[in-house]
Amino acid sequence: MFKIKNKIIKDTIMLAIMQIFLDFSAIFLNSFITRSLGASAVGIFSLMGSFLGLAGILASGNAFLCTSRLVAEESGRINGNPHRVLFHGIKMCTFLSVTTSFLVVFFSENLAVRFFGTESAESVIFAMRLMPVALISGSISACFKGYFNACRKATVSAIGDILEFSVKSVIIISMSLSGRFSACQIMIVSIISGNITSLLYMLFLFAREKNTVFSHHGAGTINFRQYVKLAFPIMFGGLLTSALSSTNDALVPICLKQSGDSQEQAFALFGVFEAIVIPAIFFPSVIPCSLSGIVVTETARASAKKNQERIKSITAKLIQYTLIYATFSGAFLYVFGDRVGEMLGGGDIAGQMISAIAPVVPFIYLEIVLEAIIKGLGLQGFSSLNYLAEYVIRISAVLILVPRMDFTGIIISYYASNIFGNTARLIKVIRYTKTGFRDFPMFSWICKKKIVHINQKILLKAVQNREN
């Protein structure tokens, strides 16, 4: 148990360091793109990235999370065969990515018109016709990343992400400096290069893997049909969340215009919120985010072994330490939000937004670890319903309040949806895992100290009474 705990802490620290490196590198890369290709290129990159993200979810079926959880569960079962589960995942992703790629290529011209709003963008159509290579390589790579994450080799997946980002960055910089390529061409070539590099790295490590504790040769406990049945709720949850999030983002500028802002002002406010406020709020969450992927596999493995004490221990410690960390992070953002906003180039309005949203940070960060536990325990049905209710509240608040209260309505929508959604998650997790008040380390320590103090007082009083 002690070694496992140290392994989790070690992996979390390593993943956090790697994620911080990626976040800072992404900021510098965006700055380079803006200077070299102009601000409009950043918009094209974002739009193409949004489309690729949606297509990627359809093509991979949320492969990383599926393989992470199901491989971890299989490794915790008698006669389990994690390799067979991995190959089930690759088979499913290959089918989904080939099907999605066919649809993207077949409808590329119509999608270019509808999604990008232009008929003359030949570079967009060119990029969409190359997209199958990106989708197929990215989906299979995600399967291997999930497998290594389930095998308690989370740093392997993180190194794959760094290699992928590094190759993408080199391609983007070199093609941008040449001045002969459009933003869409640069985008798709860089993504294909990064995905193939990551996939080759994963294949190389997998081929070298010998005689590990996860290299079982059992018959396996699930077949391909069962894998699909188990993976479908996870895939559906990812699609639902992505669709609801995109709908909410699309409605914000429209509602800001209804409040009296011009179109330029509405998009400027939305840009400040998305590019400065949200990254600032979520930047300290690099630690719970790095931990969440590990938590999914550890919880799934403990669940497969029916190790209730392990699940209760993980749940109690995560909730307690996340709340402590998030409270300090929220307090820092509340006090120094104005300076953070100005430093990031958002001015006074960004600083005011950061300070206004900071008090709800404990709920936002709590969602990260609670969702990891929920997914590890296989409670996908609850997760999807809770996300649906959360976004109904958020979208309703945006539609009703933003036209009347301008940006204050968006802040209220964040408070209402996060408090409701994460309170529901907390209650569900505590009840399902049967985690009691005394299971929380700090609360248990406080109770013990209090009991000892009371017993000392009782004993002292008894001694005094006897002397009298």
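Residues numbered from 1 in each chain as written. Predicted model: local features only at pLDDT ≥ 70, side-chain atom pairs only at ≥ 80, totals over all residues. Heavy atoms only, no water.

Colleague: When you look at the overall build of the chain in this model, what are you seeing that I'm missing?
Modeller: When helices and strands are counted, the chain shows 17 helices and 0 strands. Across the 468 residues of the chain, 48% fall into the buried class. Partitioning the intrachain contacts of the chain with sequence separation of at least 6 by distance along the chain shows that 81% fall at a separation of at least 24. For the chain, the computed accessible surface area is about 23,300 Å², with 66% contributed by carbon and sulfur atoms. (Helix = DSSP H or I, 4+ residues; strand = E, 2+ residues; numbered from the N terminus. Buried < 20%, exposed > 50% of the residue type's maximum accessible area, 1.4 Å probe, protein only. Contact = heavy atoms within 4.5 Å. Areas by Shrake-Rupley, 256 points an atom, 1.4 Å probe, with all protein chains shown as cover.)

Colleague: Just to check I follow, could you spell out the environment of Val170 for this structure?
Modeller: Of note, Val170 is situated in helix H7 (residues 154-178). Residues Val170 and Ser193 lie 23 residues apart in sequence; the distance between their C-alpha atoms is 9.9 Å.

Colleague: In this structure, what is going on with empty space enclosed by the protein? I would like to understand it.
Modeller: Sizing a probe to match a water molecule and rolling it over the atoms shows the empty space that remains. Within the structure shown, the criterion is met by 2 cavities of 30 Å³ or more. If you go around the second largest cavity, the residues you meet are Ser60, Gly61, Ala63, Cys66, Thr67, Gly89, Met92, Cys93, Cys143 and Tyr227. Listing elements by their share of the lining of the second largest cavity, those giving two or more residues are helix H3 (63-75) and helix H4 (82-106). Partitioned by chemical class, the residues of the lining of the second largest cavity number 6 nonpolar, 4 polar and no charged. (1 Å grid on protein atoms, 1.4 Å probe; cavity = no way out; pocket = protein on both sides within 12 Å on 5 of 7 lines; lining within 4 Å. Points joined across faces, edges and corners; volume = space filled by probe spheres on them. Nonpolar A, V, L, I, M, F, W, Y, C, P; charged D, E, K, R; others polar.)

Colleague: I keep staring at the packing of H7 against helix H8 (residues 183-208) and nothing clicks. Help me out?
Modeller: Angle between the axes and distance between the axes: these two values describe a pair of packed helices. The interhelical angle for the contact between H7 and H8, taken along N-to-C directions, is 150 degrees, at an axis separation of 8 Å. Of the possible angle classes, the one that applies to H7 and H8 is roughly antiparallel. Once H7 is placed against H8, the crossing between them reads as right-handed. Looking at the contact of H7 with H8 residue by residue, the class counts come to 13 nonpolar, 10 polar and 2 charged. (Axes fitted to C-alpha atoms, helices over the stretch in contact; angles between N-to-C directions. Parallel < 35°, antiparallel > 145°, perpendicular 65-115°, else oblique. Left-handed = near helix turned anticlockwise from the far one by under 90°.)

Colleague: Is there a simple way to think about the environment of Val156 in this case?
Modeller: By the element assignment, Val156 lies in helix H7. Sequence separation between Val156 and Leu15 is 141 residues, and the spatial gap between their C-alpha atoms is 9.8 Å. Each residue touching Val156, except ones within four places of it in the same chain, is listed here: Phe148, Tyr201, Met202 and Leu205.

Colleague: Even after reading the chapter, I still don't get the pattern of salt bridges, so can you show me in this structure?
Modeller: Between side chains of opposite charge, pairing is possible as soon as their charged atoms come close. Within this structure, the stated rule accounts for 7 salt bridges. Two residues, Glu164 and Lys145, come together in a salt bridge whose shortest N-O distance is 3.0 Å. Highlighted residues: Glu164 in helix H7 and Lys145 in helix H6 (residues 122-150), separated in sequence by 19 residues. Take Glu164: its relative accessible area is 16%, and that puts it in the buried class. Salt bridges sharing partners connect three or more residues here, namely Glu367, Glu371, Lys375, Glu390, Arg394 and Arg425. (Salt bridge = Lys/Arg side-chain N within 4 Å of Asp/Glu carboxyl O.)

Colleague: For this particular structure, what's the right way to read the packing of aromatic side chains?
Modeller: The geometry of an aromatic ring pair is captured by the separation of the ring centres together with the interplanar angle, meaning the angle of the planes. Enumeration according to the criterion identifies 8 aromatic pairs in this entry. Relative to Phe206, the ring of Phe87 has its centre 6.2 Å away and its plane inclined at 85 degrees; by these criteria the two rings are edge-to-face. With a gap of 119 residues between them, Phe87 in helix H4 and Phe206 in helix H8 connect regions that are remote in the sequence. Residue classification places Phe206 among the buried residues on the basis of a relative accessible area of 17%. For the pair Tyr147 and Phe206, a centre-to-centre distance of 5.5 Å together with 80 degrees between the ring planes defines the contact as edge-to-face. Taken together, the residues Tyr147 in helix H6 and Phe206 in helix H8 connect sequence positions 59 residues apart. On the basis of relative accessible area, Tyr147 is assigned to the buried category, the value being 0%. Here a set of aromatic residues connected by ring pairs shows up, and it is made of Phe87, Phe144, Tyr147, Phe148 and Phe206. (Phe/Tyr/Trp six-rings, centres within 6.5 Å; stacked < 30°, edge-to-face > 60°.)

Colleague: Would you mind showing me how to read the nonpolar core here?
Modeller: Buried together is how nonpolar side chains tend to be arranged in soluble globular proteins. Residues Leu86, Phe144, Tyr147, Phe148, Tyr227, Val295 and Leu318 are the most contacted members of the largest nonpolar core, which totals 49 residues. Of all the elements, H6 adds the most residues to this core, at 7 residues. The residues contacting Phe144, other than those within four sequence positions of it, are Leu86, Ile90, Leu199, Met202, Leu203 and Phe206. Leu256, Val272, Ala326 and Val340 belong to the second-largest nonpolar core, a separate cluster that totals 32 residues. (Core = buried A, V, L, I, M, F, W, Y, C linked by side-chain atoms within 4.5 Å.)

Colleague: Explain the packing of helix H13 (residues 347-357) against helix H16 (residues 407-433) here, please?
Modeller: The geometry of H13 relative to H16 is characterised by a closest axis approach of 10 Å and an angle of 25 degrees between their N-to-C directions. As the angle between them shows, H13 and H16 are arranged roughly parallel. Classified by chirality, the crossing of H16 by H13 is right-handed. Packed against H13, whose contacting residues are Met353, Ala356 and Ile357, the element H16 presents Phe407, Ile411 and Tyr415 at the interface.

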